[in-house]
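One letter stands for each residue in the lines below.
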Amino acid sequence: KVGFVATALGGTALAYQWAARKGDMYYRTVMLTYAAMAAYGARAKLRGMIWVQGETDAIDGYKAEALAYGDNLREFITAIREDLRPLHPELPVLMGVMAWKE
């Protein structure tokens, strides 16, 4: 069986709601992941994380956020791996892009 812990919320930005150890969505993701694993029981195994986000950080009016996206994403991935380390020692993160603006 495969399960997903869906924590997505449209219109959120990595620079704010998903900011590592600062944003409410960051903390929500960590808490929901631990809760889901506990609810499934001892057989549950965290296999990885799928990250599909970034459109809000690229819209008009978010130039500084767009320029900082790479650094913010590195910080996010480092922090989420540390915070979820008890569930997976080297959490793989699969990234996807839905859209971009030129």
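Structure: see above.
The text that follows walks through the structure, step by step, so that each part is easy to find.

The rules behind the values
- Along each chain, residues carry numbers from 1 onward, in the same order as the chain's sequence is written.
- Local features in a predicted model are, by the rule used here, given only for residues with pLDDT of at least 70; side-chain atom pairs are given and counted only at 80 or more, and totals for whole chains, interfaces and linings are based on all residues.
- As a rule here, side-chain values cover all heavy atoms of the structure and leave hydrogens and water aside.
- Here the nonpolar core consists of buried residues drawn from Ala, Val, Leu, Ile, Met, Phe, Trp, Tyr and Cys, with membership extended through side-chain atoms lying within 4.5 Å.
- Three exposure classes are used, based on accessible area relative to the maximum for each residue type with a 1.4 Å probe and protein chains only: buried under 20%, partly exposed in between, and exposed over 50%.
- Per the convention used, a helix needs a DSSP run of H or I reaching at least four residues, while a strand needs a run of E reaching at least two, with both numbered from the N terminus.
- Here, residues are in contact when the closest pair of their heavy atoms is within 4.5 Å.
- Definition of a polar contact: a pair of N or O atoms within 3.5 Å, with one able to donate and the other able to accept a hydrogen when the atoms are protein atoms, and with sequence-neighbouring residues admitted only if both atoms are side-chain atoms.

Remarks on the nonpolar core
And step 1. Ranked by internal contacts, the top residues of the largest apolar core, which has 18 residues, are Leu-14, Trp-51, Leu-73, Phe-76 and Ile-80.
And step 2. Put simply, the parts of the chain that give this core at least two residues each are helix 1 (24-40), strand 1 (49-52) and helix 3 (69-83).
And step 3. No other element matches helix 3, which puts six residues into this core.
And step 4. Those residues in contact with Leu-73 that lie beyond four places of it in its chain are Leu-14, Trp-51 and Met-95.

Points about the side chain of Thr-7
And step 1. Structurally, Thr-7 is set in the segment before helix 1.
And step 2. A residue is classified by how much of its surface remains accessible, and Thr-7, at 10% relative accessible area, is buried.
And step 3. A distance of 3.1 Å separates the side chain of Thr-7 from the side chain of Thr-29, its partner in a polar contact.
And step 4. Those residues within four positions of Thr-7 in sequence are excluded, and the remaining contacts are Trp-18, Met-25, Arg-28, Thr-29 and Leu-32.

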